[in-house]
Amino acid sequence: MDLSTNYLGLRLANPLMPGASPLVDSIDTVKQLEDAGAGAIVMHSLFEEQIAGEQLGTIYQMEMYANSFAEAQSYFPDAKDFAMGPEQYLEHIRRIKQAVKIPVIASLNGTTLGGWIDYAKQIAQAGADALELNVYHVATDPVETSDQLEQRVLDVARNIRNSISIPLSVKLSPFFSSLPNLCCRLDDLKVDGLVLFNRFYQPDIDLELLEAVPKLALSDPSDLLLRLRWLAILSPHVQASLAVSGGVHSGTDAIKAIMTGASAVQMVSALLIHGPAHLGKVLAQMKEWMEQNEYSSVRLMQGSMSLSRCPDAHAFERANYMRVLQSWRTSPGASPAGV
Ligand SMILES: Cc1cc2nc3c(=O)[nH]c(=O)nc-3n(C[C@H](O)[C@H](O)[C@H](O)COP(=O)(O)O)c2cc1C
């Protein structure tokens with residue numbers, strides 16, 4: 001059985017990999033992930049704010065991590081390990097490269113044009129095999145138009161694209177007015193890959209203290225559905241290879257993402273909950289499913305359920321919206337109160 005895949009022009013033994021997170025901050029964990037069968041390693045992000053010497057954005061602060069993951073604590077690095085400055089980050093790339101044979105994908109996280117972009121070159125020089133650019137941004141300025149915002153994403157991507165020769169992927173959020181248009185414009189810039197999607201971390205309100213509380217919840221497989229829809233819609237239109245990030249917890253989750261067009265499958269929450277060896281289990285589940293369903297390679301499955309090849313393409317589009325709502329009302333046992 002051939003599980004190999006081509007992601008960002010890199011030939012990987014299989015599509016599974018840890019997504020960007022502090023999971024790979026310990027070299028021991030990195031080796032465990034390679035032993036479990038990871039096709040590549042994605043590092044946590046180095047943030048524009050860190051490079052610019054500013055305070056880290058609240059969502060990534062360690063107190064929040066520490067308080068958020070009762071179920072995942074044993075796989076969580078200490079705060080001191082995660083607070084990695086730019087120089088340490090480059091050093092960590094070198095250490096991971098020495099420790100494993102699989103490709104290492106570094107991650108930069110930023111949204112404005114500025115000096116931090118030069119770090120892309122240093123990341124490439126430190127030996128990273130590819131770079132993932134995360135353009136996490138919450139639009140809060142009513143004066144900035146969606147066009148201006150998208151232009152900023154494109155400008156940052158173009159600058160980085162022009163400054164490095166290693167493959168570049170862009171990790172997006174789903175919240176753009178026309179995602180296919182933005183993705184095609186990123187494609188025109190010769191970006192090698194798109195990662196779907198960032199998860200937005202949504203603060204809660206503490207009613208006692210009257211404070212906004214940063215909250216980061218781990219995903220579950222229901223997060224995957226949004227990704228499947230967009231993989232299916234985008235994959236026939238873009239040259240860039242697609243990675244799924246969000247909601248992959250099992251082998252069948254991974255298969256669905258591949259069938260809708262992903263060439264790489266990133267996992268974070270599942271690995272934080274169950275540990276690095278879980279990647280090996282997901283790989284085994286994938287193989288078992290493929291054997292039972294007589295697929296001899298990942299390549300054969302890839303994109304077989306994309307919008308252009310899916311037997312019921314309407315399921316991904318608006319036409320099905322009405323049908324689904326109506327079927328709820330007419331299905332036996334559906335209560336009007338549930339609508
Ligand atoms: C603790 C934690 C740290 C993360 N750090 C980063 C990061 O540094 N850069 C990034 O692009 N995404 C980061 N993410 C987002 C993940 O890469 C991923 O997109 C998200 O968790 C959805 O995937 P999942 O459902 O497999 O968890 C982080 C997620 C978690 C849970």
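These figures come from a predicted structure and were not determined experimentally. (Residues numbered from 1 in each chain as written. Predicted model: local features only at pLDDT ≥ 70, side-chain atom pairs only at ≥ 80, totals over all residues.)

## Overview of the overall build of the protein
Check the secondary structure of the protein and you find 14 helices and 12 strands. When the 339 residues of the protein are sorted by exposure, 40% land in the buried category. Taking the intrachain contacts of the protein between residues at least 6 apart in sequence as the baseline, contacts between residues at least 24 apart amount to 73%. (Helix = DSSP H or I, 4+ residues; strand = E, 2+ residues; numbered from the N terminus. Buried ≥ 20, exposed ≤ 12 C-beta atoms within 10 Å, placed from the backbone. Contact = placed C-beta atoms within 7 Å.)

## Remarks on the site of the ligand
In the vicinity of the ligand lie 23 residues, with Ala 20, Ser 45, Ser 219, Val 268 and Ser 269 positioned nearest. The set of elements that each furnish at least two residues to the shell around the ligand consists of β4 (41–47) and β5 (104–109). Across the shell around the ligand, the residue classes tally to 7 nonpolar, 13 polar and 3 charged. (Near = placed C-beta within 6 Å. Nonpolar A, V, L, I, M, F, W, Y, C, P; charged D, E, K, R; others polar.)

## Some details on unusual backbone geometry
Of the consecutive residues Leu 196 and Phe 197, the connecting peptide bond is found in the cis state with omega at 0°. Relative to the elements of secondary structure, Phe 197 occurs in the loop between β8 (193–196) and β9 (204–206). At Lys 190, a residue that is not glycine, the phi angle is positive and equals roughly 70°. Tracing the chain through its elements places Lys 190 in the loop between α8 (179–188) and β8. The class of Lys 190 is partly exposed, set by 14 C-beta atoms lying within 10 Å. For Glu 294, which is not a glycine, the phi torsion comes out positive at approximately 55°.

## Quick word on the environment of Glu 144
When you line up the elements, Glu 144 lands in the loop between β6 (130–134) and α7 (146–163). Taking the number of C-beta atoms within 10 Å as the measure of exposure, Glu 144 has 12 and is therefore exposed. Not counting the four nearest positions on each side in its chain, Glu 144 is found in contact with Ala 139 and Leu 149.

## Description of the sheet that holds strand β3 (residues 16–18)
In a beta sheet, neighbouring strands are held together by backbone hydrogen bonds and run either parallel or antiparallel to one another. The strand order across the open sheet formed by 8 strands is β3-β12-β11-β8-β7-β6-β5-β4, and the pairing between neighbours is parallel. Because the sheet does not close on itself, it has two edges, and the strands there are β3 and β4. Here the strands of the sheet are splayed against their neighbours by 25° on average, with no regard to which way each runs. The strands touched by helix α9 (residues 224–234) are β8 and β11 (241–245); relative to β11, the strand with the most contacts, the crossing angle is about 175°. (Pairing = 2+ DSSP bridges. Axes fitted to C-alpha atoms, helices over the stretch in contact; angles between N-to-C directions.)

## Notes on helix α1 (residues 27–36)
Owing to its 3.6 residues per turn, the α-helix brings residues three or four apart onto one side. For α1, the set of buried residues is Val 30, Leu 33 and Ala 36. Taken down its axis, α1 places every buried residue within 125° of arc, on the same side. Buried positions along α1 lie against β3, β4, α5 (86–99) and α12 (278–292). Just downstream of α1, Gly 37 is the residue with a positive phi angle, here 115°. (Arc of directions from axis to C-beta.)

## Notes on α9
By the criterion of burial, α9 is predominantly enclosed, with 8 of the 11 residues buried. The complete set of buried residues in α9 reads Leu 224, Arg 227, Leu 228, Trp 230, Leu 231, Ala 232, Ile 233 and Leu 234. Contact partners of the buried residues in α9: α8, β8, β11 and α10 (251–259).

## What to know about the nonpolar core
The biggest cluster of nonpolar side chains holds 88 residues, and the ones touching the most others in it are Ile 41, Ile 105, Leu 131, Leu 231 and Val 265. Looking at which element gives the most residues to this core, the answer is α9, with 7 residues. The residues contacting Leu 231, other than those within four sequence positions of it, are Leu 196, Leu 242, Val 244, Ala 257, Thr 260, Gly 261 and Ala 262. (Core = buried A, V, L, I, M, F, W, Y, C linked by C-beta atoms within 7 Å.)

## Digging into the confidence of the model for the protein
Residues at a pLDDT of 70 or more form 87% of the protein, whose mean pLDDT is 88. Segment residues 55–77: pLDDT under 50, and 37 contacts once partners within four positions in sequence are set aside and those in other chains are kept. (pLDDT = per-residue confidence, 0-100.)

## So, the packing of α9 against α10
Contact pair α9 / α10: the axes reach a minimum separation of 8 Å and the direction vectors enclose 25°. Relative to α10, the element α9 lies roughly parallel. Residues Leu 224, Arg 227, Leu 228 and Leu 231 of α9 form the contact with α10, whose own contacting residues are Asp 253, Lys 256 and Ala 257. Considering only residue class, the contact of α9 with α10 consists of 4 nonpolar, no polar and 3 charged. (Parallel < 35°, antiparallel > 145°, perpendicular 65-115°, else oblique.)

## With respect to the pairing of β11
For β11, the tally of buried residues reaches 5 of 5 residues, placing the bulk of the element in the interior. Residue alternation in β11 divides its side chains into two sets, Ser 241, Ala 243 and Ser 245 and Leu 242 and Val 244, and both sets are buried. Note that β8 and β11 share 4 bridges and pair parallel. In the sheet register, Gly 193 faces β11, and the bridge partner there is Ser 241. Looking at chain direction, β11 and strand β12 (residues 264–267) are connected through 3 bridges and run parallel. Residue Ser 245 lies in a different strand from β12, and its bridge partner there is Gln 266.

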